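Spelled out from the first residue to the last, the chains are:
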Amino acid sequence: MKKIIIAIDGFSSCGKSTLAKQLAKVLNYVFIDSGAMYRAITLYFLQHAVDIHNEVEVNNALQQISLSFDYNASMGKSDMLLNGENVEERIRSMEVTNKVSEVSTIKAVREFAVLQQQLMGDKKGIVMDGRDIGTTVFPDAELKVFVTANILVRTQRRLLELREKDKDITEDAVRKNLEMRDTIDSTRSISPLRKADDAIELDNSNITREQQLDIVLNWAKERMK
Ligand code: DC
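Residues numbered from 1 in each chain as written. Predicted model: local features only at pLDDT ≥ 70, side-chain atom pairs only at ≥ 80, totals over all residues. Heavy atoms only, no water.

**Student:** Just to check I follow, could you spell out the site of the ligand for this structure?
**Tutor:** Every one of the 15 residues lining the ligand counts as a neighbour, but Arg39, Ser101, Arg110, Asp132 and Arg188 are closest to it. In this structure, a nitrogen atom belonging to the ligand sits 2.8 Å away from a side-chain N or O atom of Asp132. For the ligand, whose accessible area on its own is 450 Å², the fraction buried by protein is 96%. Mapped by element, the contributors of at least two residues to the shell around the ligand are α2 (34–47), α4 (94–103) and α8 (171–187). (Near = heavy atom within 4 Å. Polar contact = N/O pair within 3.5 Å; in protein donor to acceptor, adjacent residues only side chain to side chain. Areas by Shrake-Rupley, 256 points an atom, 1.4 Å probe, with all protein chains shown as cover. Helix = DSSP H or I, 4+ residues; strand = E, 2+ residues; numbered from the N terminus.)

And the structure:
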């Protein structure tokens with residue numbers, strides 16, 4: 001069976017990473033969470049008070065950033081390293097989450113991340129999830145999936161995740177953050193979130209993770225022949 005590239009795109013909290021992680025495990029492929037890269041860049045900008053409206057400051061900051069992944073066997077995925085430091089926990093904070101979509105609209109930031117993502121896929125055998133993987137990062141990916149789920153389902157899923165860390169987080173705050181990110185991600189001028197013409201849409205609002213995996217594995221196996 002030939003090795004392929006699988007691109008998983010969609011709105012926030014649609015279960016893209018869960019699906020991508022499961023696929024990579026079954027197929028013995030590399031899984032890359034491209035959102036983690038934008039989150040790590042955002043964390044660096046926050047830590048160093050980078051003025052994101054100042055092109056020179058942004059470019060200088062990007063030159064100081066080195067992103068890499070470190071496989072975490074217990075989680076079955078790779079942790080994000082920012083300049084060699086494990087920032088997997090910190091990049092999931094609400095502070096980063098509230099800022100990351102805005103940082104992701106910056107041209108220099110996107111060029112910086114996309115170049116590294118493309119290099120990661122040069123040997124194929126990769127599952128990458130994000131917003132522009134099928135449209136910009138890997139326009140020739142053999143399988144492109146565009147995952148959707150209704151906003152109520154997405155809010156509940158995200159709330160469950162966040163409540164583990166922050167008991168006081170409200171449903172309303174989570175929903176507003178998702179809606180804000182949907183708007184910024186899909187209306188930005190550079191590689192906005194949209195379904196690639198040749199992507200298959202998968203609405204997972206009413207199916208289990210196992211059902212979702214079965215469906216996409218069948219699509220993948222067809223393309224690996
Ligand atoms: O998948 P996530 O929620 O961790 O992504 C965080 C943010 O990063 C998301 O709101 C938009 C941005 N992002 C992007 O612009 N392009 C990608 N390929 C992945 C994420």
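Past the structure itself, the notes keep going.
**Student:** Before we go on, may I ask you to explain unusual backbone geometry in this structure?
**Tutor:** Working note: non-glycine residues mostly have negative phi, and peptide bonds are mostly trans. Here Asn83, not a glycine, exhibits a phi torsion of approximately 50°, which is positive. Counting through the fold element by element, Asn83 comes out in the loop between β4 (77–82) and β5 (85–86). Unlike most non-glycine residues, Lys124 shows phi in positive territory, near 60°. Structurally, the position occupied by Lys124 is in the loop between α5 (107–120) and β6 (126–130). Residue classification places Lys124 among the partly exposed residues on the basis of a relative accessible area of 34%. (Buried < 20%, exposed > 50% of the residue type's maximum accessible area, 1.4 Å probe, protein only.)

**Student:** Whenever I open this one, helix α3 (residues 55–63) confuses me. Can you help?
**Tutor:** One full turn of an α-helix is made of 3.6 residues, so residues set three or four places apart face in the same direction. When α3 is considered as a whole, its buried residues turn out to be Val58, Ala61 and Leu62. When α3 is viewed along its axis, its buried side chains cluster within an angular range of 100° and face the same direction. Pointing more than 90 degrees away from the buried face of α3 are the exposed residues Val56 and Gln63. Tucked into the core, α3 has its buried residues touching α2 and α5. Backbone nitrogen of Val56 and a side-chain oxygen of the N-cap are separated by 3.0 Å at the start of α3; the cap is Asn54. (Arc of directions from axis to C-beta. Contact = heavy atoms within 4.5 Å.)

**Student:** So what exactly am I meant to see when it comes to the sheet that holds β6 here?
**Tutor:** Hydrogen bonding along the main chain pairs the strands of a sheet, whether they run parallel or antiparallel. Taken in spatial order, the five strands make up an open sheet running β2-β6-β1-β7-β8, and their pairing is parallel. Of all strands in the sheet, those bounded by a partner on one side alone are β2 (30–33) and β8 (200–203). Each neighbouring strand pair of the sheet contributes to a mean axis angle of 20°, computed without reference to strand direction. Bridging between strand β1 (residues 5–10) and strand β7 (residues 143–148) involves five bridges; their strand directions are parallel. Residue pairing in the sheet places Gly10 in a bridge with Val147 of β7. Relative to the sheet, α2 contacts β2 and β6, its axis offset from that of β2 by approximately 40°. (Pairing = 2+ DSSP bridges. Axes fitted to C-alpha atoms, helices over the stretch in contact; angles between N-to-C directions.)

**Student:** Help me out: how do you make sense of the side chain of Ser12 in this one?
**Tutor:** With respect to the helices and strands, the residue Ser12 is situated in the loop between β1 and α1 (16–27). Residue Ser12 is classed as buried on the basis of its relative accessible area of 1%. There is a polar contact of 3.4 Å between the side chain of Ser12 and the side chain of Arg181. Among all residues touching Ser12, those that are not within four sequence positions of it are Arg131, Arg154, Leu178, Arg181, Asp182 and Asp185.

**Student:** I'm lost on the side chain of Arg110 in this one. Help?
**Tutor:** The topology assignment puts Arg110 in helix α5. If we ignore the near neighbours within four places in the chain, the residues touching Arg110 are Tyr38, Ser104, Asp132, Arg188, Ile190 and Ser191.

**Student:** I would appreciate a short explanation of the pattern of salt bridges in the present structure.
**Tutor:** Close approach of charged atoms allows side chains with opposite charge to pair. Enumeration over the complete set of coordinates arrives at 17 salt bridges. Measuring nitrogen to oxygen at the nearest pair gives 4.0 Å for the salt bridge that ties Asp33 to Lys77. Residue Asp33 is found in strand β2, and its partner Lys77 is found in strand β4; the two are separated by 44 residues along the sequence. It is possible to trace a salt-bridge network through shared partners that takes in Asp33, Lys77, Glu88 and Arg92. (Salt bridge = Lys/Arg side-chain N within 4 Å of Asp/Glu carboxyl O.)

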